[in-house]
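Residues per chain are reported as follows:
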There are 2 protein chains.
Amino acid sequence: MKTLIKNVNVLLPDGTTPLTNLCIDGDRISHIGEVPDDFRPGHVLDGHDMLATPGFVNAHTHASMTLLRSYADDMELMDWLNKMIWPAEARMNREDIYWGAMLAALEMIQTGTTSFADMYGPWMDAVAEVVSDSGLRGVLSRGLIGVAPDAEEKLAEGVSFYRDFHGMANDRIHVMLSPHAPYTCPPDYMKKVAAAAQKDGIKIHIHMHETKTEINDSLKAYGRRPFAWVSETGLFDGGATVAAHCVHMDDEDIVIMQKYDIRAVHNPGSNMKLASGVAPVPKMLSEGICVALGTDGASSNNNMDMLEEMALSAILHKVDAYDPLAVPALTSVKLATEYGAKALSLADVGRLEVGAKADIVLFSMKGSKWTPRNNLVSLLAYSANSSSVDTVIVDGSILMEHKELKTLDEERILFEAQRSARHLTNA
Amino acid sequence: MKTLIKNVNVLLPDGTTPLTNLCIDGDRISHIGEVPDDFRPGHVLDGHDMLATPGFVNAHTHASMTLLRSYADDMELMDWLNKMIWPAEARMNREDIYWGAMLAALEMIQTGTTSFADMYGPWMDAVAEVVSDSGLRGVLSRGLIGVAPDAEEKLAEGVSFYRDFHGMANDRIHVMLSPHAPYTCPPDYMKKVAAAAQKDGIKIHIHMHETKTEINDSLKAYGRRPFAWVSETGLFDGGATVAAHCVHMDDEDIVIMQKYDIRAVHNPGSNMKLASGVAPVPKMLSEGICVALGTDGASSNNNMDMLEEMALSAILHKVDAYDPLAVPALTSVKLATEYGAKALSLADVGRLEVGAKADIVLFSMKGSKWTPRNNLVSLLAYSANSSSVDTVIVDGSILMEHKELKTLDEERILFEAQRSARHLTNA
């Protein structure tokens, strides 16, 4: 299948946005520029008044938590978890996991996300089904609680999930292993996860240094900060670990990230709403750390909208550092696209260039938020909202065209998600 | 003209959102609840799957700066002003002011804002024309630079503007006087403005304590902080002054605000983007200060979307104070509605209750961002974006119904605004 996007402004990796043409052949971008004479598209999209960007990469989320959207807000963290979130999660069955992830997929497609990294469970096979059917790209992992009585079983389940699903759906499904966090997984368990991961070559996705409490508790329990002791369990030895949050970081933590090529996922909306703190994003970037963006779960955000995270990443660090140049518009776009793909080890994703995977969003630039068009990157980062997402393409397949969904049944998803939510929260 | 909104969730001042009916008679809300037998509406709106909220009050902006949207971003403040913004503003003619304000009006209606406070000029009569024709409610003021050679003339112009326009368009146009800021208006000029304002009973709208530099420069020049010396010029004596920003505040500043009943307008998006600082909103609220919300100009935001400011106000102060309860969802909604109306001295605006002005927004709750509907106020503050603004009513008149604009010609406005922007920025 060949698709041509004609006369479209294309956001290139260097930040320029020329008016040109974009050719898709199969799952890849085959040309940007003049359309070759022998390129015969089966489908042509008119790119007039459109900006083509790489699809957003939501590098840390818990998709099925969309079911808990607006269920519990404005609470102290431990009250929120103990009294509301964990009891509701304990009632989740496979149908809930499925419809929650479907609701997330619906919102992601409508807001321009083409790849997501999901840490959740049980029934991650239901999430894999959602990835397969929706057409999205998913990096899935079963969250592992090392202190739980069934921790060993869950690890085995995580490895089986990898063996069964990694590389499926034309390689749109990847699988990682997810020891939940240093405060739920003691050193011995981390060692077991590390051994299992490295045996199969599975990458790690973990929460790190989200709150001050986590750091202080680690200092009390182990005499060291989490990055320090976890690095000694071998967990990071496989390289390219995805570390969500990285809010409270000292120089030694950053040295460890450099040494093991650990990637940070910044979740500004969640970190602000839960009052976790401000991650040192400009510092990590200047130290050569790959920083991606994520929404975290919808219960602490409260949505899956990467354009909002992008805008937050651009303005939060300016005020935090009293530096209006801290995270410029183009950097925020790269956090949400190119760096996200790199963080998740998604080869050839996150940049619009010849040979790359055709994961593309077309933004309609009609309307007041895109007027006047002085600078398209600034408009994208600072002014637009996701209602201008018009068309979404993943792996060369169109998932939404002029706002019409091609793979999902919106009415059904909204109905089933509302029903699941009632069953979880009205108990 | 009578309008009935049937079977709608109504956000009441106490934060509850019952499913009920809302009756509009002329420019006011006549009933909420059972529809009286003798209420015969000329127009009925189906409120199914809709949330009715008070229209947003954008309590500090510079509407025509929409023309400079995305023209100059990611720059140091003084470079931004000296090299980009001020030269472009110097090229503005009456047509530019008009189409810039029209572009702002278009965006405001589409994003649920029903009242705005605009400080700009010259040609504020062009902005009054926009208010009159769009159907919005506007609190307009001519910005006065005390150090300019024509400062006296401009003050006279500001007073004439008040006499000509205050109370026009069924009282939808109010006029204030706007000495720009303490760093552009020396004490003698402030005294003249104070005298002129109090002679005609004109309220004041001014920038106060936006940056650290402003405080430090004032300490150098006058040996005191701006609030201290400005209060002695008599500028605040008329009461109910609108003070935009109030970022850098000490206890004495807050005592002055209390003493003169000064209202703060918080502009989180602009303060973050320009790296100005974080206003002490929770502290001001707990001290009984009326705090409103504003977008500031679109060149430092970069849009006029009050829902984004609301979300920012709710999450910024949580992370700033390490307190997840700092500004709860309902408080952020009140900043954007009830407190905004109070700050601007707009009587009977900002609350949905019997007898209030019918300034109402209907949000469509269809779609993923509003699913599941565990808590409508949380969904509004943390999850929704302005694309769910469906219908906008001001003073009982429908300005937008199911996204169809009733007073504005969108195509024309976008065309003319783009043309004006070219003339300003391509010089």
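Residues numbered from 1 in each chain as written. Chains lettered and ligands numbered in written order. Predicted model: local features only at pLDDT ≥ 70, side-chain atom pairs only at ≥ 80, totals over all residues. Heavy atoms only, no water.

**A look at the confidence of the model for chain A**
Should pLDDT be low for a region, the predicted coordinates there are not to be read in detail.
Piece 1. Averaged over every residue, the pLDDT of chain A is 97; the share at 70 or more is 100%.
Piece 2. Under the prediction, the complex receives an ipTM of 0.96, its pTM being 0.97. (pLDDT = per-residue confidence, 0-100.)

**Quick word on the domain arrangement of chain A**
Residues and elements named next belong to chain A.
Piece 1. Domain annotation for chain A reports domain 1 (2-54 + 356-405) and domain 2 (56-343).
Piece 2. Computed from C-alpha coordinates alone, the two centres of domain 1 and domain 2 are separated by 28 Å.
Piece 3. Listed by partner, the interface residues are 26 residues for domain 1 and 29 residues for domain 2.
Piece 4. Carbon and sulfur atoms supply 66% of the area that domain 1 and domain 2 bury against each other, a total of about 2000 Å² over both sides.
Piece 5. Inspection of the region where domain 1 meets domain 2 yields two salt bridges.
Piece 6. Measuring nitrogen to oxygen at the nearest pair gives 2.8 Å for the salt bridge that ties Asp395 to Arg137.
Piece 7. The interface formed by domain 1 and domain 2 holds seven residue pairs in polar contact (both at pLDDT 80 or more) in total.
Piece 8. Examining the composition of the side of domain 1 that touches domain 2, we find that five residues originate from one element, helix H15 (residues 376-383), more than from any other.
Piece 9. Here the residues of the side of domain 1 that touches domain 2 sort into 17 nonpolar, four polar and five charged. (Domains from an automatic or database assignment. Contact = heavy atoms within 4.5 Å. Buried area = accessible area lost by both parts, 1.4 Å probe. Salt bridge = Lys/Arg side-chain N within 4 Å of Asp/Glu carboxyl O. Polar contact = N/O pair within 3.5 Å; in protein donor to acceptor, adjacent residues only side chain to side chain. Helix = DSSP H or I, 4+ residues; strand = E, 2+ residues; numbered from the N terminus. Nonpolar A, V, L, I, M, F, W, Y, C, P; charged D, E, K, R; others polar.)

**Some points on the pairing of strand E3 (residues 28-32) of chain A**
Residue and element names in this part refer to chain A.
Piece 1. Looking at chain direction, strand E2 (residues 19-25) and E3 are connected through four bridges and run antiparallel. Within the sheet, the bridge partner assigned to Asp25 lies in E3 and is Arg28.
Piece 2. Counted between consecutive antiparallel strands, the loop separating E2 from E3 contains two residues, among which Gly26 sits at a positive phi close to 65 degrees. (Pairing = 2+ DSSP bridges.)

**A short note on the relation of the copies chain B and chain A**
Two chain copies, one operation linking them: a rotation about an axis together with a shift along it.
Piece 1. Superposing chain B onto chain A takes a rotation of 180 degrees combined with a translation of 0.0 Å along the rotation axis, leaving an RMSD of 0.0 Å. Look at the turn and shift together and you get a two-fold axis relating the two. Considering only C-alpha atoms, the part of chain B nearest the rotation axis is Ser387 of chain B, at 2.9 Å.
Piece 2. Of all interface residues in chain B, 98% are interface residues in chain A too; the two copies therefore contact each other through one and the same surface. (Least-squares fit on C-alpha atoms with pLDDT ≥ 70 in both.)

**Considerations on the sheet that holds strand E6 (residues 56-61) of chain B**
Residues and elements named next belong to chain B.
Piece 1. Taken in spatial order, the four strands of this open sheet run E6-E7-E8-E9, and their pairing is parallel. Edge positions in the sheet fall to E6 and strand E9 (173-179), since each has one partner strand and no second. Each adjacent strand pair in this sheet contributes to an overall mean axis angle of 15 degrees, direction not counted.
Piece 2. As defined by bridge partners, strand E7 (residues 113-120) adjoins strand E8 (residues 137-144) across six bridges and the pair is classed as parallel. Residue pairing for E8: Ser115 is matched across the bridge by Arg137.
Piece 3. On top of the sheet, helix H3 (residues 124-134) reaches E7, E8 and E9; it is set at about 175 degrees to E8, its chief contact. (Axes fitted to C-alpha atoms, helices over the stretch in contact; angles between N-to-C directions.)

**Notes on the packing of helix H2 (residues 94-110) of chain B against H3 of chain B**
All names here are of chain B.
Piece 1. Interaxial distance between H2 and H3 falls to 8 Å at its minimum, and their mutual angle equals 35 degrees. With respect to the hand of their crossing, H2 and H3 are arranged in right-handed fashion. Note on element contacts: H3 touches H2 through Asp125, Ala126, Val127, Glu129, Val130, Asp133 and Ser134, opposite Arg94, Ile97, Tyr98, Ala101, Met102, Ala105 and Ile109.
Piece 2. Residue composition of the contact of H2 with H3, by class: nine nonpolar, one polar and four charged. (Left-handed = near helix turned anticlockwise from the far one by under 90°.)

**A word on the pattern of salt bridges**
Piece 1. Within this structure, the stated rule accounts for 62 salt bridges over all chains.
Piece 2. Between Asp348 of chain A and Arg28 of chain A there is a salt bridge whose closest N-O contact spans 2.9 Å. Remark: Arg28 of chain A occurs in strand E3 and Asp348 of chain A occurs in the loop between helix H14 (338-343) and strand E14 (360-364); sequence separation between them is 320 residues.
Piece 3. Owing to a relative accessible area of 43%, Asp348 of chain A belongs among the partly exposed residues under this scheme.
Piece 4. Among the salt bridges present, the one from Glu416 of chain B reaches Arg419 of chain B, with a minimum N-O distance of 3.0 Å. Linking Glu416 of chain B with Arg419 of chain B, this pair stays in helix H16 (residues 410-425), spanning three residues, or about one helical turn.
Piece 5. Taking the relative accessible area as the measure of exposure, Arg419 of chain B reaches 45% and is therefore partly exposed.
Piece 6. In this structure, a network of salt bridges that share partners links the residues Asp27, Arg28, Arg137, Asp348, Lys357, Asp359 and Asp395 of chain A. (Buried < 20%, exposed > 50% of the residue type's maximum accessible area, 1.4 Å probe, protein only.)

**Details of the environment of Asp200 of chain B**
Residues and elements named next belong to chain B.
Piece 1. Mapped onto the elements of the fold, Asp200 is located in helix H6 (residues 187-200).
Piece 2. Classification of Asp200 by relative accessible area gives partly exposed; the value is 22%.
Piece 3. Spatially, the C-alpha atom of Asp200 lies 8.1 Å from that of Val159, the residues being 41 residues apart in sequence.
Piece 4. With residues near it in sequence (within four places) discarded, Asp200 still touches Val159, Tyr162 and Arg163.

**Notes on the interface of chain B and chain A**
Piece 1. In this complex, chain B contributes 65 residues to the contact, which on the side of chain A involves 64 residues.
Piece 2. Between chain B and chain A, roughly 4800 Å² of surface is buried when both sides are summed, and carbon and sulfur atoms account for 58% of that area.
Piece 3. Here Asp74 of chain A and Lys318 of chain B are joined by a salt bridge, their closest N and O atoms 3.2 Å apart.
Piece 4. For the interface between chain B and chain A, the tally reads 35 residue pairs in polar contact (both at pLDDT 80 or more).
Piece 5. When contributions to the side of chain B that touches chain A are tallied by element, the ones reaching two or more residues are H2, helix H10 (268-273), helix H12 (306-321), helix H15 (376-383) and H16 of chain B.

**Digging into the nonpolar core**
Piece 1. One finds Leu177, Phe227 and Met284 of chain A together with Phe227 and Met284 of chain B to be the most contacted residues of the largest nonpolar core, which totals 233 residues.
Piece 2. Phe227 of chain B has contacts with Met208, His209, Phe236, Ala243, Cys246, Met249, Asp253, Ile256, Met257 and Ile262 of chain B, leaving out every residue within four places of it along the chain. (Core = buried A, V, L, I, M, F, W, Y, C linked by side-chain atoms within 4.5 Å.)

**Structural notes on the pairing of strand E1 (residues 2-10) of chain A**
Residue and element names in this part refer to chain A.
Piece 1. Pairing analysis gives six bridges linking E1 to E2, with the strands arranged antiparallel. In the strand pairing of E2, Val8 is matched with Thr20.
Piece 2. Pairing of E1 with strand E4 (residues 43-46) involves four bridges; the strand directions are parallel. Bridged to Ile5 within E4 is Leu45.

**Focus on the packing of aromatic side chains**
Aromatic ring pairs: the centre-centre distance and the angle between the two ring planes describe each pair.
Residue and element names in this part refer to chain A.
Piece 1. Applying the stated criterion across every chain yields a total of 14 aromatic pairs over all chains.
Piece 2. Ring centres of Phe56 and Phe363 lie 6.1 Å apart, and the angle between their planes is 55 degrees; on these two criteria the pair is classed as tilted. With Phe56 in strand E6 (residues 56-61) and Phe363 in strand E14, this pair connects stretches of sequence that are 307 residues apart. The pair Phe56 / Phe363 is uniform in exposure class, with both members buried.
Piece 3. Each member of the aromatic cluster is reached from another via a ring pair, and the members are Phe56, Phe363 and Trp370. (Phe/Tyr/Trp six-rings, centres within 6.5 Å; stacked < 30°, edge-to-face > 60°.)

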